[in-house]
Amino acid sequence: NSMIAISVNLLIILLPFTALMAALSAAFNSARQSTMWAILILIFSAGIINLLSSYLPTLDIMKIFVPGYYSDELAHLAEWEPLQLAYVSLFQTVVFLALGRWIMMRQSL
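Procedures and definitions
- Sequence order as written defines the numbering, with residues in each chain counted from 1.
- pLDDT decides what is reported in this predicted model: residues at 70 or higher carry local features, side-chain atom pairs at 80 or more are listed and counted, and totals for whole chains, interfaces and linings draw on all residues regardless.
- In computing side-chain values, all of the structure's heavy atoms are included and hydrogens and water are not.
- Buried Ala, Val, Leu, Ile, Met, Phe, Trp, Tyr and Cys residues that are joined via side-chain atoms within 4.5 Å together make up what is termed a nonpolar core.
- Only protein chains enter the calculation, and the probe is 1.4 Å; a residue is then buried if its accessible area is under 20% of its type maximum, exposed if over 50%, and partly exposed in between.
- Helix and strand assignments follow DSSP, with helices taken as H or I runs no shorter than four residues and strands as E runs no shorter than two, numbered in order from the N terminus.
- Residue contacts are defined here by distance: any two heavy atoms, one from each residue, within 4.5 Å place the two residues in contact.
- Exposure above 30% relative accessible area and the absence of a salt bridge qualify a residue for a patch, where like charges join within 9 Å and nonpolar side chains (Val, Leu, Ile, Met, Phe, Trp, Tyr) within 5 Å.
- The accessible surface values rely on the Shrake-Rupley method and a 1.4 Å probe; as for residues, cover is taken only from the protein chains in view.
- Whenever a carboxyl oxygen of Asp or Glu lies within 4 Å of a side-chain nitrogen of Lys or Arg, that contact is scored as a salt bridge.

Participant: Lay out the nonpolar core in plain terms, naming residues and giving numbers.
Facilitator: In this structure, Ala 19, Leu 20, Leu 24, Ala 38 and Phe 96 together form the largest nonpolar core, which totals 5 residues. At 3 residues, helix α1 (residues 2-27) tops the list of elements feeding residues into this core. With near-sequence residues (within four places) excluded, Leu 20 lies in contact with Ala 38, Leu 42 and Phe 96.

As structure tokens, this is what we get:
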């Protein structure tokens with residue numbers, strides 16, 4: 001039962017990363033370039049949001065846009081409890097997939 005819970009939680013955590021890579025793959029020609037941009041986007045967005053939220057605590061809500069930013073909170077929860085935070089991953093996934101759709105629609109014009 002705990003193996004199923006771990007698998008489901010891991011799947012939900014990885015969804016935003018997969019959606020981000022899909023959006024970047026739609027924007028760039030090579031997988032290497034998409035991976036490089038994904039790493040840069042994740043590092044700089046987390047750093048900038050963290051810096052801004054330290055000066056303006058109201059911007060702390062912006063952390064919801066960085067995939068994996070809340071994974072420290074998930075580590076302290078047992079078995080099925082991380083599903084309470086699944087809405088964050090699902091929101092991020094929908095945002096990145098919508099961005100990828102917008103990129104593909106723009107390129108088809």
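Participant: Talk me through a nonpolar patch on the surface; I want residue IDs and the actual numbers.
Facilitator: Together, Met 36, Trp 37, Ile 39, Leu 40, Ile 41, Ile 43, Phe 44, Ile 48 and Leu 52 make up an exposed nonpolar region whose accessible area comes to about 820 Å². The topology assignment puts Ile 43 in helix α2 (residues 31-55).

Participant: How would you explain the pattern of salt bridges if you had to name every residue and give the values?
Facilitator: One pass over the full model with this rule turns up 1 salt bridge. Linking Asp 60 and Lys 63 is a salt bridge whose minimum nitrogen-to-oxygen distance equals 2.8 Å. For Lys 63, a relative accessible area of 22% translates into the label partly exposed.

From the geometry alone we can't say anything about function, so treat these as descriptive.
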